[in-house]
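Overview (structure and organization)
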Amino acid sequence: MALQCGIVGLPNVGKSTLFNCLSNAKAQAANFPFCTIEPNVGVITVPDERLNKLAELVKPGRIVPTTVEIVDIAGLVKGASKGEGLGNKFLANIRETDAILHVVRCFEDPNVTHVDGTVDPVRDKEIIDYELQIKDLETIDSRIQRVQKQAQTGGDKQAKLVYDVLARFKEALEQGKSARTVQFETKDEQKIAHDLFLLTNKPVMYICNVDEASAVTGNRYSDSLIEAVKEENAQTLIVAAKIESEIAELDTYDERQLFLNEIGLDESGVSRLIKSAYKLLNLSTFLTAGPMEVRAWTFVTGSKAPVCAGVIHTDFEKGFIRAEVIKYDDYLKYGSETAVKEAGKMSVEGKEYVVQDGDIMHFRFNV
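Residues numbered from 1 in each chain as written. Predicted model: local features only at pLDDT ≥ 70, side-chain atom pairs only at ≥ 80, totals over all residues. Heavy atoms only, no water.

Quick notes on the overall build of the protein
The number of helices and strands found in the protein is 14 helices and twelve strands. Scored against the burial criterion, the 367 residues of the protein give a buried share of 49%. Sequence-distant contacts, at least 24 apart, represent 70% of the contacts inside the protein between residues at least 6 apart. In the form shown here, the protein has an accessible surface area of approximately 18100 Å², with 49% of it arising from carbon and sulfur atoms. (Helix = DSSP H or I, 4+ residues; strand = E, 2+ residues; numbered from the N terminus. Buried < 20%, exposed > 50% of the residue type's maximum accessible area, 1.4 Å probe, protein only. Contact = heavy atoms within 4.5 Å. Areas by Shrake-Rupley, 256 points an atom, 1.4 Å probe, with all protein chains shown as cover.)

Structure below.
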């Protein structure tokens, strides 16, 4: 399932440093704009402690986690929507992603130049918002011109619906608001809105890149950004990219945990970021467990059993008969599939079953 999160931000905010921590792909991290020209793509393992606990019980031949794709997109600058810097290329790269991880500088460092001279995360966030909003307005204006006449004089109900969606987006964007702030109630409106593929309608998470001393609590810069986006229907996350790069260089899990404990963190920022990115894409995980492997499978949250069966193989979906489902907590409690069955805790579900995150699934099919 090749859904992608794109990392965006102004130059020199720590995007590529963070990407390097996330991925084995080594994006160049340098103190000048445009050091990332082509987008770097990293296929990142999603941390899931449930796999290890299941493996302790099942003793499989291998453990296979699920993944998420992260794209490191070069730093945007003022005027990107008009082609400044490498703006058009960057905006095209953003359009191809499914969600946005917006890294904002919330640290002071005289050795790392800020493109605008001072640290101001709210201003920086608004610069990128403005560029994306301008591009979205261009999209809206071109579409409105095509459907307006049909909607107003042709009696075309679908055209009227499309026009109404476009008009609401246009009003918000002209007020300096992102498209994601506009909420639609009907499924038809939501589909039209989605199919416009607006840059500012993508799910977004603001990553506050703070200094080492602020890794646990944040600082006044991150506080100001979190306050500024609270009405935006967006997630926020505090990460200290410099610390994360130091953690990434440690060889063993125990060394990393010791380092984290010393600075007061239970879990690395990178681990939290990957999990949050996974949720931002509206993804969940079901599990399979057997002697060959314990494996995590990615599905879109809210999917029904046949669709999830198709994630494993298309034949599973075509010939779906039923799904045998064990809840993760029950598997841990009873210790084996056989014990779960004997306790009457395995359910048999049909085509309408909505798979839940952490369900341990076994599909029956016939093709």
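Here's the deal with the packing of helix 5 (residues 157-174) against helix 6 (residues 187-195)
Put simply, helix 5 and helix 6 touch, their axes get as near as 10 Å, and they point 65 degrees apart. The handedness of the crossing between helix 5 and helix 6 comes out as right-handed. Residues Gln 158, Leu 161, Val 162, Val 165 and Phe 169 of helix 5 touch helix 6, and the partners they reach there are Asp 188, Glu 189, Ile 192 and Ala 193. (Axes fitted to C-alpha atoms, helices over the stretch in contact; angles between N-to-C directions. Left-handed = near helix turned anticlockwise from the far one by under 90°.)

Overview of the side chain of Thr 200
Here Thr 200 shows up in the loop between helix 6 and strand 6 (204-210). A polar side-chain atom of Thr 200 sits 2.7 Å from a polar atom in the side chain of Asp 136. If we ignore the near neighbours within four places in the chain, the residues touching Thr 200 are Asp 129, Leu 132, Gln 133, Asp 136, Leu 173, Ser 178, Ala 179 and Arg 180. (Polar contact = N/O pair within 3.5 Å; in protein donor to acceptor, adjacent residues only side chain to side chain.)

Focus: the sheet that holds strand 6
With respect to topology, six strands assemble into an open sheet ordered 2-4-1-5-6-7, the strand pairing being mixed. What marks the edges here is a single partner per strand, and that holds for strand 2 (40-45) and strand 7 (235-239). Each strand axis lies, on average, 25 degrees off the axis of its neighbour in the sheet, ignoring direction. Judged from the six bridges that link them, strand 2 and strand 4 (residues 67-72) form a sheet pairing that is antiparallel. Bridging across to strand 4, Thr 45 finds its partner in Thr 67. Sitting on the sheet, helix 7 (residues 220-228) is in contact with strand 5 (99-106), strand 6 and strand 7, with an inclination near 165 degrees to strand 6. (Pairing = 2+ DSSP bridges.)

Looking at the packing of helix 1 (residues 15-22) against helix 8 (residues 241-248)
Where helix 1 meets helix 8, the axes come as close as 9 Å, and the angle between the chain directions of the two elements is 30 degrees. The angle between helix 1 and helix 8 falls in the class roughly parallel. Here helix 1 runs over helix 8; the crossing is left-handed. In this structure, helix 1 uses Thr 17, Leu 18 and Cys 21 to contact helix 8, whose residues at the interface are Ala 241, Glu 244 and Ser 245. Here the contact of helix 1 with helix 8 is built from residues that sort into three nonpolar, two polar and one charged. (Parallel < 35°, antiparallel > 145°, perpendicular 65-115°, else oblique. Nonpolar A, V, L, I, M, F, W, Y, C, P; charged D, E, K, R; others polar.)

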